[in-house]
Amino acid sequence: MNREAESGAPRAVSSAAMQHNLNLRLLTAAVLIPIVCWAIWQGGLALVVVVTAITLIGVDEFYRLIEAKGAAPLRSFGYAAAGALPLLVHIGGHYPATVLLSAALLCLLVAQLGKAQISESLASISGAFFGIFYVGWLLSHAVALRDFHEVAVRWGETVAAGLHPQVGGYYLFFAIAVVVGGDAGAYFVGRAYGRRKLAPQVSPGKTVEGALGAVLAGALVGLGCKLAFLIWAPGLAERPGWFLTLLLAMLLSVAGILGDLVESLLKRDARVKDSGSLLPGTGGVLDRIDSSLIAIPVLHHLLLLWFYAQARAGG
């Protein structure tokens, strides 16, 4: 997600071109941020619709990467399974979603048997299922995180004790804000101070300094997010406390960096610069959500673990 090509090739790209790219990124953000914030605030089916739309576009971009490698994924199964995951998670949590994943894999195996061309079967099946998992399953955690109170209730009343019914809105906004803040920190710190390569074989433009900037910026944004909610939305941001909030923000920043590197690895293997061209200045949808694909599930499961441990300790 964070494009430190900014720092990796400043000598090859004119400052005017870089400024134009930054302007496009800001314009894209100005369009997308209100939509995302509205969906988070509304929750429920509004969020499901937005997440499903992002999922379908992301899966399509992912399958284009696979096809660039010569595989032929069964797109219809991939779209159907990945697109259904957010709704299933909203209705019944992750258990019916895991059932769907199992059913999708079985259907892919059977459908592949009926194809006239059996070459590249392993790549086609693996690629199709990985698209469902990588985009659909991971992104469905955005719905689970927004419905965090209901998810916690399923774990037990003691786990959900004291949680505001709308606390998931804060958690999801927190995760996205930290990732976006980390992205901005990596961009500007990487451009200004980037010298040492972070993962030169995967993404030559990313630097250690940019990664440190991402962690620092993500931590500051996380603390600022908590403070803002404590002021304007009392009851949502009391738990966890300040120290754990700081720790979570730093962990999410690291998760965001890893998510960015994973997508860079996939694109490098497919020999493409961007996953798509839908978002000016950013590339494709996958280029925009790659960090969140890892960070949101990490926050969801860390919070569940923490609240469960708190409930057990209290019991």
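Residues numbered from 1 in each chain as written. Predicted model: local features only at pLDDT ≥ 70, side-chain atom pairs only at ≥ 80, totals over all residues. Heavy atoms only, no water.

1. Topic: the overall build of the chain
Going by this rule: Working definition: helices are DSSP H or I runs of at least four residues, strands are E runs of at least two. Numbering for both runs from the N terminus. Note on definitions: a residue-residue contact is assigned when non-hydrogen atoms from the two residues lie within 4.5 Å. Per-residue accessibility takes into account occlusion by the displayed protein chains alone, with areas from the Shrake-Rupley method and a 1.4 Å probe.
If you tally the helices and strands in the chain, you get 13 helices and two strands. Taking the contacts inside the chain whose residues are at least 6 apart along the sequence as the reference set, 72% of them involve residues at least 24 apart. Element-wise, carbon and sulfur atoms account for 71% of the exposed surface of the chain, whose accessible area totals about 14700 Å².

2. Some points on unusual backbone geometry
Condition: Using a 1.4 Å probe on the protein chains alone, a residue whose accessible area is under 20% of its type maximum counts as buried, one over 50% counts as exposed, and one in between counts as partly exposed.
The peptide bond linking Arg239 to Pro240 adopts the cis configuration, its omega dihedral lying at -5°. Here Pro240 lies in the loop between helix H11 (208–232) and helix H12 (242–270). One non-glycine residue, Arg271, adopts positive backbone phi at about 60°. Along the chain, Arg271 turns up in the loop between H12 and helix H13 (285–314). Since its relative accessible area comes to 77%, Arg271 is described here as exposed.

3. Regarding the side chain of Ser253
Under the convention used in this document: Polar contacts, as counted here, are pairs of nitrogen or oxygen atoms within 3.5 Å of one another; within protein the pair requires one atom able to donate a hydrogen and one able to accept it, and residues that are adjacent in sequence qualify only if both atoms are side-chain atoms.
On the secondary structure map, Ser253 appears in helix H12. At a separation of 2.9 Å, a polar atom in the side chain of Ser253 contacts the main-chain carbonyl oxygen of Ala249. Non-local contacts of Ser253, meaning those with residues more than four positions away in its chain, are made with Val178, Ala214, Val215, Gly218 and Ala219.

4. Description of the pattern of salt bridges
For clarity, the threshold we go by: A pairing counts as a salt bridge when a side-chain nitrogen of Lys or Arg comes within 4 Å of a carboxyl oxygen of Asp or Glu.
For the structure shown, the criterion picks out nine salt bridges. In this structure, Arg75 engages Asp60 in a salt bridge whose closest nitrogen and oxygen atoms are separated by 2.7 Å. A residue pair is termed long-range when its members are at least 10 positions apart, and Arg75 in helix H4 (residues 75–92) and Asp60 in helix H3 (residues 44–68) qualify at 15 residues. Between Asp183 and Arg288 there is a salt bridge whose closest N-O contact spans 2.7 Å. A residue pair is termed long-range when its members are at least 10 positions apart, and Asp183 in helix H10 (residues 167–193) and Arg288 in helix H13 qualify at 105 residues. Across the pair, exposure class does not vary: Asp183 and Arg288 are buried alike. Salt bridges here are not isolated pairs; linked through shared partners, they connect Asp60, Arg64, Glu67 and Arg75.

5. A closer look at the confidence of the model for the chain
What counts here: Residue-level confidence of the predictor is summarised by pLDDT, bounded by 0 at the bottom and 100 at the top.
When the pLDDT values of the chain are averaged, the result is 88; 88% of them are 70 or greater. The low-confidence segment residues 5–13, where pLDDT is below 50, has twelve contacts with residues more than four positions distant or belonging to other chains.

6. Here's the deal with the packing of aromatic side chains
Applicable threshold: To pair, rings of Phe, Tyr and Trp, with the six-membered ring standing in for Trp, must have centres within 6.5 Å; the planes then decide the type, stacked if under 30 degrees apart, edge-to-face if over 60, and tilted in the middle.
The tally for this structure, following the rule as stated, stands at 14 aromatic pairs. Each ring, one from Phe173 and one from Phe229, has its centre 5.7 Å from the other, and the planes form 55°; the classification is tilted. Here Phe173 is found in helix H10, whereas its partner Phe229 is found in helix H11, with 56 residues between them in sequence. In this structure Phe173 comes out as partly exposed when scored by relative accessible area, which is 30%. Ring centres 5.0 Å apart and planes at 75° place the aromatic pair Tyr187 and Phe188 in the edge-to-face group. Residue class for Tyr187 comes out buried when judged on its relative accessible area of 2%. A residue is classified by how much of its surface remains accessible, and Phe188, at 48% relative accessible area, is partly exposed. Each residue in the set Phe148, Tyr170, Tyr171, Phe173, Phe174, Phe229, Trp306 and Phe307 is aromatic and connected to the rest through ring pairs, giving one cluster.

7. Topic: the environment of Leu145
Its place among the elements puts Leu145 in helix H7 (residues 141–146). When the C-alpha positions of Leu145 and Leu172 are compared, they lie 5.9 Å apart, and in sequence the two are 27 residues distant. Contact partners of Leu145, with chain neighbours within four places excluded, come to Gly168, Tyr171, Leu172, Ala175, Ile296, Leu299, His300 and Leu303.

8. Quick look at a nonpolar patch on the surface
What counts here: Here, patches come from residues exposed beyond 30% relative accessible area and free of salt bridges, joined within 9 Å for like charges and within 5 Å for nonpolar side chains (Val, Leu, Ile, Met, Phe, Trp, Tyr).
Taken together, the side chains of Phe243, Leu247, Leu251, Leu302 and Leu305 define a hydrophobic patch exposed on the protein surface, amounting to about 490 Å² of accessible area. Mapped onto the nonpolar patch, the elements with two or more residues apiece are H12 and H13. By residue number, the principal contributor to the nonpolar patch is H12, which donates three residues. Relative to the helices and strands, Leu302 resides in helix H13.

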